Amino acid sequence: MVKWTGRKFTIWQKGILLTMKVRRCRQDDLQALKAIFATVYPQNSLLQDDYFFDWQFYSHPWNIEQQYTFFLLVNNSGAIKGFYGYVITRYIIDGKLVSGCEPALWWTSDECR
């Protein structure tokens with residue numbers, strides 16, 4: 001059973017209550033993310049490159065928020081248990097240029113599935 005309240009939710013799994021929080025990625029999360037990327041995406045060396053990650057999810061030309069477009073699922077101790085990253089894109093809809101996004105990366109640890 002999953003209960004969602006704002007940016008926190010709880011999961012009952014195998015008789016254990018897990019409380020998780022969703023928050024935006026920060027610069028100090030990158031080393032932990034790289035360790036996860038090495039396991040989840042072992043063939044994608046670009047994800048190990050700080051410059052590429054920042055370009056893709058932070059300093060992308062259409063990212064007007066100037067925040068990472070990458071969200072983390074973290075447990076009470078701050079360990080990353082999942083993530084979702086998207087890329088800002090531009091579309092022409094009905095002749096107008098509009099902003100949108102495309103999902104790029106997502107993952108959840110086995111214990112949160």
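Quick note: structure is the one above.
Residues numbered from 1 in each chain as written. Predicted model: local features only at pLDDT ≥ 70, side-chain atom pairs only at ≥ 80, totals over all residues. Heavy atoms only, no water.

1. Remarks on the side chain of R23
Right, on to step 1. For R23, the position within the fold is in strand 3 (residues 16–24).
Right, on to step 2. For R23, a relative accessible area of 13% translates into the label buried.
Right, on to step 3. Only 2.9 Å separates the side chain of R23 from the side chain of D29, close enough to count as a polar contact.
Right, on to step 4. In this structure R23 touches D29, F70, F71, L72 and V74, once residues within four positions along its chain are discounted. (Helix = DSSP H or I, 4+ residues; strand = E, 2+ residues; numbered from the N terminus. Buried < 20%, exposed > 50% of the residue type's maximum accessible area, 1.4 Å probe, protein only. Polar contact = N/O pair within 3.5 Å; in protein donor to acceptor, adjacent residues only side chain to side chain. Contact = heavy atoms within 4.5 Å.)

2. Observations concerning the packing of helix 1 (residues 30–40) against helix 2 (residues 50–57)
A pair of packed helices can be characterised by two numbers: the angle between their axes and the separation between those axes.
Right, on to step 1. In the contact formed by helix 1 and helix 2, the axes pass within 12 Å of each other and the chain directions differ by 100 degrees. If you check the angle between helix 1 and helix 2, you find them roughly perpendicular. Listed contacts from helix 2 to L30, L33, K34 and F37 of helix 1 are D50, F53 and D54.
Right, on to step 2. Taken together, the residues that form the contact of helix 1 with helix 2 break down as four nonpolar, no polar and three charged. (Axes fitted to C-alpha atoms, helices over the stretch in contact; angles between N-to-C directions. Parallel < 35°, antiparallel > 145°, perpendicular 65-115°, else oblique. Nonpolar A, V, L, I, M, F, W, Y, C, P; charged D, E, K, R; others polar.)

3. Regarding helix 2
Right, on to step 1. Those residues of helix 2 lying buried are F53, Q56 and F57. Across the axial projection of helix 2, the buried residues extend over an arc of 75 degrees, all falling on one side.
Right, on to step 2. Here the buried face of helix 2 lies against helix 1, strand 4 (70–75), strand 5 (80–93) and strand 6 (96–108).
Right, on to step 3. For helix 2, the capping residue at the N-terminal end is D49, with a side-chain oxygen 2.7 Å from the backbone nitrogen of Y51. (Arc of directions from axis to C-beta.)

4. What about the pattern of salt bridges?
Opposite charge on two side chains allows them to pair when their charged atoms are near.
Right, on to step 1. Evaluated as defined, the whole model comprises four salt bridges.
Right, on to step 2. Two residues, R24 and E65, come together in a salt bridge whose shortest N-O distance is 3.3 Å. Of this pair, R24 sits in strand 3 while E65 sits in the loop between helix 2 and strand 4, and the two are 41 residues apart along the sequence.
Right, on to step 3. The class for R24 is buried, based on a relative accessible area of 19%.
Right, on to step 4. By relative accessible area, which is 40% here, E65 ends up partly exposed.
Right, on to step 5. Residue D28 pairs with R26 through a salt bridge whose shortest N-O separation is 3.2 Å.
Right, on to step 6. For D28, a relative accessible area of 57% gives the class exposed.
Right, on to step 7. With relative accessibility at 42%, the residue R26 sits in the partly exposed group. (Salt bridge = Lys/Arg side-chain N within 4 Å of Asp/Glu carboxyl O.)

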